[in-house]
Amino acid sequence: MCSYIVEKAALVGSAKGPKGWMHIDTANVYYDHPYHAPLDHVLGIDFICEAEGGRDRVAIEISAESARVLVKKILAALATGDAAHAAIAAE
Amino acid sequence: MHFPYQGMLAETVTFRAYNQDIGEAYYARPLGPGPFPGVVIIHHMPGWDEWIKEVPRKFAYHGFICVAPHLYFREGPGDPDDIGARVRAAGGVSDEQVIGDVAGSMEFLRALPYSNGRVAVMGFCSGGRHTYLVACRLPNLDAAVDCWGGNVIVDDPSLLNDKRPRAPIELTEHLRCPLLGLFGNDDPNPSPDHVNRTEALLKKLGKTYEFHRYDGAGHGFFANNRPGYRAEQATDGWKKVIAFLQKHIGGHK
C-alpha cells in the first residue's frame, strides 16, 4: 500500500547533492514504494533544509534489511568513535 | 501482401484542473480518426514516474485515448521524484483536489474531436483508492478500475484527516458506474478481508462490479520493474481490464 506516514528527524549538518554541499536541518524518513530502486518497498530518507524552503534534497531508497544494517552500523560507529575520543581526551 | 498500419502519438499536454489551475499530464492516443474511448490514469503516492507514463501508451496500443495527470504539478517545477518527496512530506494531496484534477482530465479527453464521449478512470495503489473515491463522487464517469487500492476501508479513524476526511467505502451508495477491482491475495492492504467487506457492500447495494483476486500475488503485481511483478497474473489482469473497458466504454476488439 502507499503510506503517507513520514517520520521527521531534526538534524544539524550538511549533505552533498548535485549542486554541491548544502546545510540540512531535517530528515524525512518513510517506508513505502520507491521511485527508483527495483524493490517493492524501501526505507527512504530525504535530507533537506526546511529553513531554506526544503526544495533541494539528498535522497536514498534502500531495502528494509539494508536500513536495519545501516542503523546498527551508525550506532556502532558512534560507540567506537566515542570510545576513541574519550581515550584521546584521557591521555 | 497487406501490412496493417498501427501508430500512436504520446506527449505531455496541459489541462484545466481543480480550481481552474493549469496542470500537466502525459497523454497518448492511437493515430486514426476514432472515435476512441478515453481513460484517465491515477498514479500512486510516489508520483508521476516512468511506469505510470507507460500505461497511456499501452492503452493507446489497445485503441483508447489515455491521459495520466501529474497530480503534484502544483509543487513544481522540478523532477517528479523530488516533487513527490515534497508532497509526501506535506502529507499528500487532498481528496478534493484529486477529484477536481480527475474531473478536469475527463473533460480534457471528452473535448477531443476524436473522443467517443465515454471515459473511465483507473488507478493503482493510492490511485486505486482515488479511483474508488471519484467513482462515488463524479456522476459522469462511465467505468472505473481499482487496482489494489488500499485504505478504501479505514478501520482506524486516526488515519482520517483534513486531506482524507472520509473512507471511500462510506460513499459506496453513490457509485453510479461499473467497477472492476483487481487484487492480490497476499496483499496486506487491501487484505482479502478488506476486499471481502467491500464486495459484500457492493453486492448488498446492487452495484455493478467485477472483482478478480489472484493467488500468488501481492500488492502492485503489474509493476514489471519490481520483484512483486507476477507475469501470469498481470497478463490475465490486463486482459480483464481491456475487456471490461471495451464492454463499458467501447473500443475495438
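In this text the structure is predicted, and so the values were computed from the model without any measurement.

1. Side note on the overall build of chain A
And step 1. If you tally the helices and strands in chain A, you get one helix and four strands.
And step 2. Listing every helix and strand of chain A by position from the N terminus yields β-β-β-β-α.
And step 3. Taken against the 2.2 N^0.38 rule, which gives 12 Å for 91 residues, the C-alpha radius of gyration of chain A at 16 Å runs more than 25% over that of a compact globule.
And step 4. Taken over the C-alpha atoms alone, chain A extends approximately 55 × 30 × 25 Å along its principal axes.

2. What to know about the overall build of chain B
And step 1. Looking only at helices and strands, one finds six helices and eight strands in chain B.
And step 2. Listed by position from the N terminus, the elements making up chain B come as β-β-β-α-β-α-α-β-α-β-β-α-β-α.
And step 3. In terms of overall dimensions, chain B has a C-alpha envelope of 60 × 40 × 35 Å along the principal axes.
And step 4. Of the contacts made within chain B by residues no fewer than 6 positions apart, 67% connect residues no fewer than 24 positions apart.

3. Side note on helix α2 (residues 80–89) of chain B
And step 1. In terms of residue burial, α2 of chain B counts as a mostly covered element, since seven of its ten residues are buried.
And step 2. All of the buried residues in α2 of chain B are Pro-80, Asp-82, Ile-83, Gly-84, Ala-85, Arg-86 and Arg-88 of chain B.
And step 3. Those residues of α2 of chain B hidden inside the fold are in contact with β2 (20–32), β3 (42–48) and β4 (57–62) of chain A.
And step 4. Following α2 of chain B by one or two positions, Gly-91 of chain B adopts a phi angle in the positive range, close to 90°.

4. Details of the sheet that holds strand β7 (residues 179–184) of chain B
The strands making up a sheet associate through hydrogen bonds between their backbones, and the pairing can be parallel or antiparallel.
All names here are of chain B.
And step 1. Across the sheet, eight strands lie side by side as β1-β2-β4-β3-β5-β6-β7-β8; this open sheet has mixed pairing. The open sheet is flanked by β1 (8–16) and β8 (209–214), the only strands paired with a single partner. Direction aside, neighbouring strands of the sheet carry axes that sit 20° apart on average.
And step 2. By the bridge criterion, four bridges tie strand β6 (residues 143–147) to β7 in an arrangement that is parallel. Residue pairing in the sheet places Ala-144 in a bridge with Leu-179 of β7.
And step 3. Relative to the sheet, helix α1 (residues 50–61) contacts β1, β2 (22–30), β3 (36–42) and β4 (65–69), its axis offset from that of β2 by approximately 35°.

5. A few points about the interface of chain A and chain B
And step 1. With 18 residues of chain A in contact, the opposing surface of chain B contributes 25 residues.
And step 2. Of all the elements in the fold, those that place two or more residues in the side of chain A that touches chain B are β2 and β4 of chain A.
And step 3. Top contributing element to the side of chain A that touches chain B by residue count: β2 of chain A, with three residues.
And step 4. Of the residues belonging to the side of chain A that touches chain B, the class tally is ten nonpolar, four polar and four charged.

6. A look at the packing of helix α3 (residues 95–110) of chain B against helix α4 (residues 126–137) of chain B
All names here are of chain B.
And step 1. As a packed pair, α3 and α4 sit with axes 10 Å apart at the nearest point and diverge in direction by 70°. Between α3 and α4, the interaxial angle falls into the category roughly perpendicular. Together, Asp-95, Val-98, Ile-99 and Val-102 of α3 and His-130, Leu-133, Val-134 and Arg-137 of α4 make up the contact between the two elements.
And step 2. For the contact of α3 with α4, the class distribution of residues is five nonpolar, one polar and two charged.

7. Focus: helix α1 (residues 64–90) of chain A
And step 1. For α1 of chain A, built from 27 residues, the straight-helix expectation of 39 Å at 1.5 Å per residue is met to within 8% by its first-to-last C-alpha distance of 39 Å.
And step 2. When you tally the buried positions in α1 of chain A, you get zero out of 27 residues, a small fraction of the element.

8. As for the sheet that holds β3 of chain A
And step 1. Pairing in this open sheet of four strands is antiparallel, and the strands run β1-β2-β3-β4 (chain A) from one edge to the other. Among the strands making up the open sheet, the edge pair consists of β1 (7–17) and β4 of chain A. When strand polarity is set aside, the average angle formed by the axes of neighbouring strands in this sheet is 25°.
And step 2. Across nine bridges, the pairing between β1 of chain A and β2 of chain A is antiparallel. Bridge assignment links Ser-14 of chain A to a residue of β2 of chain A, and that residue is His-23 of chain A.
And step 3. The strands touched by α2 of chain B within the sheet are β2, β3 and β4 of chain A, with β4 of chain A carrying the most contacts at an inclination of about 85°.

9. Topic: the environment of Ser-94 of chain B
And step 1. Checked against the element boundaries, Ser-94 of chain B lands in the loop between α2 and α3.
And step 2. Considering only alpha carbons, one finds Ser-94 of chain B and Asp-146 of chain B, 52 residues apart in sequence, at a separation of 19 Å.

10. Examining the pairing of β2 of chain B
Residues and elements named next belong to chain B.
And step 1. Taken across its nine residues, β2 has seven buried, putting it largely inside the fold.
And step 2. Pairing of β1 with β2, which is carried by nine bridges, proceeds in the antiparallel orientation. The residue bridging Thr-14 from the neighbouring strand is Glu-24, located in β2.
And step 3. Counting the residues in the hairpin turn of β1 and β2 gives five residues, including Asn-19, whose phi is positive at 65°.

11. Comments concerning the nonpolar core
Note that soluble globular proteins tend to have their nonpolar side chains buried in a common cluster.
And step 1. Core analysis: the biggest nonpolar cluster contains 69 residues, and Val-39, Val-40, Cys-66, Ala-120, Val-121, Ala-135 and Ala-144 of chain B have the highest contact counts within it.
And step 2. Top contributing element to this core by residue count: α3 of chain B, with six residues.

12. A short note on the confidence of the model for chain B
Should the pLDDT be low somewhere, the predicted coordinates at that spot are not to be read in detail.
And step 1. Overall, the prediction assigns chain B a mean pLDDT of 96, with 99% of residues at 70 or greater.
And step 2. Across the interface, the model reports ipTM at 0.84; the global pTM reads 0.93.

Conventions adopted
Residues numbered from 1 in each chain as written. Chains lettered and ligands numbered in written order. Predicted model: local features only at pLDDT ≥ 70, side-chain atom pairs only at ≥ 80, totals over all residues. Helix = DSSP H or I, 4+ residues; strand = E, 2+ residues; numbered from the N terminus. Rg over C-alpha atoms; globule rule 2.2 N^0.38 Å. Contact = placed C-beta atoms within 7 Å. Buried ≥ 20, exposed ≤ 12 C-beta atoms within 10 Å, placed from the backbone. Pairing = 2+ DSSP bridges. Axes fitted to C-alpha atoms, helices over the stretch in contact; angles between N-to-C directions. Nonpolar A, V, L, I, M, F, W, Y, C, P; charged D, E, K, R; others polar. Parallel < 35°, antiparallel > 145°, perpendicular 65-115°, else oblique. Expected span 1.5 Å × (residues − 1). Core = buried A, V, L, I, M, F, W, Y, C linked by C-beta atoms within 7 Å. pLDDT = per-residue confidence, 0-100.

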